[in-house]
Amino acid sequence: MSGAVGQSEEQACEAFVAWLDRRVVAAGRGDGLERLEVSPSGTFWLGRLACEDEVRKGAADERSERLDPCAIGIRLRPAAAPSWSLSVKVRARAWVQDPKDGPDPDRRWWRSDLVEEVVSVLVGAEGGSFGGKQLADAFAAVGAPGLSAEVRIDVEDWHRETELVVQLVNTSPEKPPGLKDSHLYETQIEVSGLATAPFQLEALPDSFRYDRAVPAYGVNVGVEILASGAFCTSDTVAVQTSRPQYWNGVYEQPDLSFETLASDPLPELAKLVDALAAYDDAQWSPTALDTRQAAQAWTTAMRAEADRSAVEVFAELGRLRAGLELLRTRPEILRAFQLMNMAIARSARGRGYSAWRSFQVGFLLSAIRFLAEPDDEARYVDTVWFATGGGKTETYLGLLLTAAFFDRLTGKAMGVTAWSRFPLRLLSLQQTQRFADALAGAEMVRKEEGVGGTQFSLGFLVGRAGTPNKVVPKPEGDEVTPDSPGMPDRYQVLLYCPFCRDENLKMRFDRERWKLEHRCTSATCPTRGQALPMYVVDQEVFRFLPTVVVGTLDKAASIGLQQAMRGLIGPPQKVCPVKWHGFTYAERSKSPNGCLVPDCQGGKVLKPLPMDAKRFGPSLRLQDELHLLRDSLGAVDSHYESLLDHLQWELCGTRAKIVASSATLTGYDRQIDVLYQRQGRVFPQPGPRAGESFWTTPTTQPLRRFVAVAPRGVTLEHVSDRTLDALQRCVRELVDDPAAVCAEAGVEPRHAAMLISLYGTDVVYGTTLYDVEAAGRSLGSNNTVAGINVEQLTGQTDFDEVRAILERLENPEDDFAERIHVVAASSMLSHGVDVNRLNTMVMLGLPLTTAEFIQTTARVGRKFPGLVYVLHKIGRERDAQTFRHFEQYVRQGDRFVDAIPITRRSRRVLDLTIAGVVGARTLMIREPASRQRLSTPAKLRDYARNSGMTPAAEAAEVARVLGLDGAEDSVHREQIAEWLQAWFVDLEDPANKATFVSELGPRSPMMSLRDVEASAPIHD
């Protein structure tokens, strides 16, 4: 068919995605093929049925039977008592092999005509088999005598309500006379004429927000309901999700443009709050809930759940009203909010948007109170919960810039406003660029508006995984020097200049200032060739204390080892008198005056801090992807979060406000209590119905098409290869013959180049590094399409290689043959990688958690309709259950998210973290207070004796810091006391061979929060 006149880009993409899916399914079933060179049983993975005798012989259990089943079926709940009358339409084909001297010796396998028979069934409570002779005759008529099948009805009356299982069973003999293959192919059944009642989804509890009704379940297949009302099997389960709109159309939309909120925000913000109040009253008042309860037959428990949700909704409204009142009554908060909007407007120019989404402004209003009442607000952790791709990052960037401007307006002229941490081993360069863009906009506004203080700057704190911990003058172990290989270019973090967007950045190491610099080479850049305010070496971050520090979660462990980490939670010690050397910290042999610049000649006379020491504590700690802080990593982090709070309180008398983002909500309140010992709040509150709230409503625009695949009779790797092969073949056909493909797909030819760009790069996602690497290797040897260029994005990918791959994805080569065609990726891709050209994905097995599934699949279809193939490892029970209710799994995904497994009371974890707490207290609190170096056991021994330090007192303090001082924690306090006793024994022993304080005690402080993830030894 030909595309409609005036077809939009979105319509073209939608039609093309549907065509891609048809082609991939056809490749899996064998649709359209007439002959084959090889056996079909080793080629096709959809629509096939093994013979029952073979399955019974080889299947030791239900799991084995799922891998190559002999039946497909539909499970129904009849509305009436037996007997039941129904019609079952059966469709199937056979593949037959010619003798060697047949008509086509190179392609001996040929596909039979379609068998299509209607089997009439009248069945009682005992069940039965039907249509055996009818179907055997039909196979004989199409050239496959010896194949047979039957419609089998099982009646299961032991459930709460009777269920019918209508199946097509391949009853052919294992070796039919004259035939080489006993499989049936392209099988399908259609059941009609039976009145049914829906099932209730057992996997989920009742909820006033969700419909749990499931019309029918498939057996080894999906089920579709045809327009006629008949139930029909499908070889895949396709679920189309829709793109949301970010406003509820019932209400007049306020002007939330950056420009308006920068100039005169209060009237529009009042409109937003008034609209929310009207919506909440209409949807959540007792009268509204009474009406819904009566109409939808809510249970008492469902109504109680709705009442609890209503309380939270109106509390949220109260926070927005309080935020609006603060803007009205506190000029410095209003000014900070306006300046932030000016900055965001700058950073958004040319990106296709000029306004906030309403939920983003709502969050800013609800959270802004922390500027006015920091002590009270620190009791809460505010979590931004919104669908991935909705704009969470920009939301907390708005809050962060508001806090940064507020700091400058109220006397904090320098130092860290926010420390933002990401839970991955390798921080996303795209996330970092977003931060840099926002801060560059803020810096330009700061200068233009005459706001005092140092320039707004960004620190990148990831350590050796990406950038140097420090730069040393001469080779020293594996430390980086100015002349190290790849230096300085390999440490480029920014993808382009955040001030002018020019991509021609140049890296330079300034020996005089001892700085690794990004510089923009554009003659029109506002920076005029000066170094960008970006610090990527750990020690530079400590020397200059950028306004915002972004980094990996792991890095927090350095607080127990590195005295200069103090600048991230409190004041540095002094300022070096040498210009551009920055802040100083504890004196050490290599830094005798505390300056971190090697061989500093500044002398012992240092400058005092130019600002009240207590203002150096950060206002915010941001935690991205909160749901990833689980298991042992979450347990370790919970101890270090308590340590950070303790140190900031001791040094500054303040606590940072913690803001988090998450794609999932299940159990967040307990997780926050364990992690931070604070109370959790979430924004926005979920709406009254699934997928609908004041902040967002569904549209008809396609978002992602999820296709669940349960491969039969072949390996998952084979299916992955063939799926990617089919996707690549389709795009290459579009490259070679755009007119023909566009006609077949139903798109206008003028969209061809766009479609090649948007669907020419596929992602294959593995849940393990082994899967990812195997997928990359396999594509190189098993594909039928020549020249597939594969790149890997995993935690093992070098930092500079990641940057190069992202650059190629964002700006593909002109020649399609030179582009990246497949990205083999691990969980590294699932957070913060936003490339609009990634729109097709193949998942190798269901991820271990639903949260990972949600996050990972959100990497495709960010702007254009996406297509996701989920290849289920159908032998696994979890995958099999998910395949059974895949539509509900996708549409109600947040309800399938498991509560985060996390505890702070793990004795194994405590054994790992005590050293960090003791070390950090020594470095950050005791040493500065003592006005002497405490870096060696001898010096610390003298201090301990003179100051009255005792094992019991220190153990009690460590227990208090970690929140293990309750009645239920006696065992943990004993463990801490034993550890400190051993530490003091080492300290008091003059013969102890420890060179540094960190070497005392049963173990040294952790180098990384991930040190808990111990590797298993491998033996011969």
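Residues numbered from 1 in each chain as written. Predicted model: local features only at pLDDT ≥ 70, side-chain atom pairs only at ≥ 80, totals over all residues. Heavy atoms only, no water.

(A) Looking closely at the overall build of the protein. When its secondary structure is counted, the protein shows 29 helices and 34 strands. Relative to the compact-globule value of 31 Å for 1020 residues, the protein shows a C-alpha radius of gyration of 32 Å, a close match. Based on the C-alpha atoms only, the size of the protein along its principal axes is roughly 100 × 70 × 65 Å. Intrachain contacts of the protein at a sequence separation of at least 6 include 76% that bridge at least 24 residues. Carbon and sulfur atoms form 49% of the exposed surface of the protein, whose accessible area is close to 39,800 Å². A gap of 6 Å separates the mean positions of the 117 positive and 135 negative side-chain charges of the protein. (Helix = DSSP H or I, 4+ residues; strand = E, 2+ residues; numbered from the N terminus. Rg over C-alpha atoms; globule rule 2.2 N^0.38 Å. Contact = heavy atoms within 4.5 Å. Areas by Shrake-Rupley, 256 points an atom, 1.4 Å probe, with all protein chains shown as cover. Lys, Arg positive; Asp, Glu negative; His and termini not counted. Charge placed at Lys NZ, Arg CZ, Asp CG, Glu CD.)

(B) View of helix α14 (residues 429-448). If you check α14, its first and last C-alpha atoms are 29 Å apart, about what 20 residues at 1.5 Å a residue would give, namely 28 Å. Count one or two residues on from α14 and you reach Gly 450, which has phi positive near 70°. (Expected span 1.5 Å × (residues − 1).)

(C) Representation of the sheet that holds strand β6 (residues 115-123) within the structure. Judged by pairing direction, the sheet is antiparallel, and its five strands sit side by side in the order β6-β3-β10-β15-β14 without closing on themselves. Looking along the sheet, the strands with just one partner apiece sit at the ends: β6 and β14 (222-225). Direction aside, the axes of adjacent strands within the sheet are offset by 25° on average. (Pairing = 2+ DSSP bridges. Axes fitted to C-alpha atoms, helices over the stretch in contact; angles between N-to-C directions.)

(D) Inspection of the state of the cysteines at higher detail. Across all of its chains, the model carries zero disulfides by this definition. Cys 70 supplies the cysteine sulfur nearest to Cys 51, a cysteine that is in no disulfide, at a spacing of 8.1 Å. By relative accessible area, Cys 51 is classed as buried at 0%. The closest cysteine sulfur to the non-disulfide-bonded Cys 595 is located on Cys 600, 3.7 Å from its own sulfur. (Disulfide = S-S within 2.5 Å. Buried < 20%, exposed > 50% of the residue type's maximum accessible area, 1.4 Å probe, protein only.)

(E) A look at the packing of aromatic side chains. A full pass over the atoms with the stated rule returns 28 aromatic pairs. Considering the side-chain rings of Phe 208 and Trp 284, the 6.0 Å spacing of their centres and the 85° angle between planes classify their relative orientation as edge-to-face. Here the residue Phe 208 occupies a position in the loop between β11 (199-200) and β12 (213-214), and Trp 284 occupies one in helix α6 (residues 265-284), the gap between them amounting to 76 residues. For the pair Phe 208 and Trp 284, one class covers both residues: buried. A network of ring pairs unites the aromatic residues Trp 247, Tyr 251, Tyr 279, Phe 363, Phe 683, Phe 694 and Trp 695 as a single cluster. When the ring centre of Tyr 380 is taken as origin, the NZ or CZ atom of Arg 681, which lies over that ring, is 4.0 Å away. (Phe/Tyr/Trp six-rings, centres within 6.5 Å; stacked < 30°, edge-to-face > 60°. Lys NZ or Arg CZ within 6 Å of the ring centre and 35° of its normal.)

(F) View of helix α13 (residues 392-409). Counted at 1.5 Å a residue, the expected span for α13 with its 18 residues is 26 Å, and the 26 Å between its end C-alpha atoms agrees. Within α13, 16 of the 18 residues are buried, which leaves the element mostly enclosed by the surrounding structure. Of the residues flanking the end of α13, it is Gly 411, one or two places downstream, whose phi is positive at about 105°.

(G) Local environment of unusual backbone geometry. At the junction of Met 487 and Pro 488, the peptide bond is cis and its omega measures out at 5° in the coordinates. Along the chain, Pro 488 falls in the loop between β19 (458-461) and β20 (505-510). Here the amide bond leading from Phe 683 into Pro 684 is cis, since omega sits at -10°, within 30 degrees of zero. The residue Pro 684 is located in the loop between β28 (679-683) and β29 (697-709) in this model. The backbone of Glu 625 shows a phi angle near 50°, a positive value even though the residue is not glycine. Along the chain, Glu 625 falls in the loop between β26 (620-623) and α16 (631-652). Accessibility expressed as a relative area gives 5% for Glu 625, which makes it buried.

(H) Quick look at the sheet that holds strand β34 (residues 866-871). One open sheet holds the seven strands; their spatial order is β16-β29-β34-β33-β30-β32-β31, and the pairing between them is mixed. Looking at which strands have only one partner, the edges of the open sheet turn out to be β16 (236-245) and β31 (790-793). Strand after strand, the sheet turns through a mean of 25° between neighbouring axes, direction not considered. Looking at chain direction, strand β33 (residues 840-844) and β34 are connected through five bridges and run parallel.

(I) Structural view of the side chain of Lys 412. Take Lys 412: it is sitting in the loop between α13 and β18 (418-422). Side-chain polar atoms of Lys 412 contact the backbone oxygen of Arg 615, separated by 3.2 Å. A polar atom in the side chain of Lys 412 sits 3.1 Å from the backbone oxygen of Gly 617. When sequence neighbours within four positions are dropped, the list of residues in contact with Lys 412 reads Asp 407, Thr 417, Met 611, Arg 615, Phe 616, Gly 617 and Pro 618. (Polar contact = N/O pair within 3.5 Å; in protein donor to acceptor, adjacent residues only side chain to side chain.)

(J) Quick peek at the pairing of strand β30 (residues 762-766). With five of five residues buried, β30 is to be regarded as a mostly interior element. Bridging between β30 and strand β32 (residues 822-825) involves four bridges; their strand directions are parallel. Within the sheet, the bridge partner assigned to Val 763 lies in β32 and is Val 823. Pairing of β30 with β33, which is carried by five bridges, proceeds in the parallel orientation. Across the sheet, Tyr 765 pairs through a bridge with Met 843, a residue of β33.

(K) Quick look at the pattern of salt bridges. In total, this model carries 70 salt bridges according to the counting rule given. A salt bridge links Arg 346 to Glu 448; the nearest nitrogen and oxygen atoms lie 2.1 Å apart. Taken together, the residues span a long stretch of sequence, with Arg 346 in helix α9 (residues 331-348) and Glu 448 in helix α14 at a distance of 102 residues. What you see here is one network of salt bridges that share partners, running through Arg 29, Asp 31, Glu 34, Arg 93, Arg 111, Glu 186, Asp 235 and Arg 712. (Salt bridge = Lys/Arg side-chain N within 4 Å of Asp/Glu carboxyl O.)

(L) Layout of the environment of Gly 193. Secondary-structure assignment places Gly 193 in the loop between β10 (185-192) and β11. For Gly 193, a relative accessible area of 70% translates into the label exposed.

(M) Region of interest: the packing of helix α8 (residues 300-329) against helix α10 (residues 358-367). Two numbers describe how α8 lies on α10: the axes approach to 7 Å, and their chain directions differ by 75°. Accordingly, the angle class assigned to the pair α8 and α10 is roughly perpendicular. Packed against α8, whose contacting residues are Arg 319, Leu 320, Gly 323, Leu 324 and Leu 327, the element α10 presents Gly 362, Leu 365 and Ser 366 at the interface. Broken down by class, the residue content of the contact of α8 with α10 amounts to four nonpolar, three polar and one charged. (Parallel < 35°, antiparallel > 145°, perpendicular 65-115°, else oblique. Nonpolar A, V, L, I, M, F, W, Y, C, P; charged D, E, K, R; others polar.)

(N) Focus on the environment of Glu 748. Summarising the element assignment, Glu 748 is placed in the loop between α19 (738-745) and α20 (752-759). Take Glu 748: its relative accessible area is 11%, and that puts it in the buried class. Each C-alpha atom of the pair Glu 748 and Gln 7 lies 6.9 Å from the other, and the pair is 741 residues apart in sequence. Side-chain polar atoms of Glu 748 contact the backbone nitrogen of Gly 6, separated by 2.9 Å.

(O) Examining the environment of Leu 964 more closely. With respect to the element layout, Leu 964 can be found in the loop between α28 (951-961) and α29 (970-988). Classification of Leu 964 by relative accessible area gives buried; the value is 0%. Put simply, Leu 964 and Val 985 are 21 residues apart on the chain and 23 Å apart in space, counted from C-alpha to C-alpha.

Function cannot be read off these values alone, since they describe shape.
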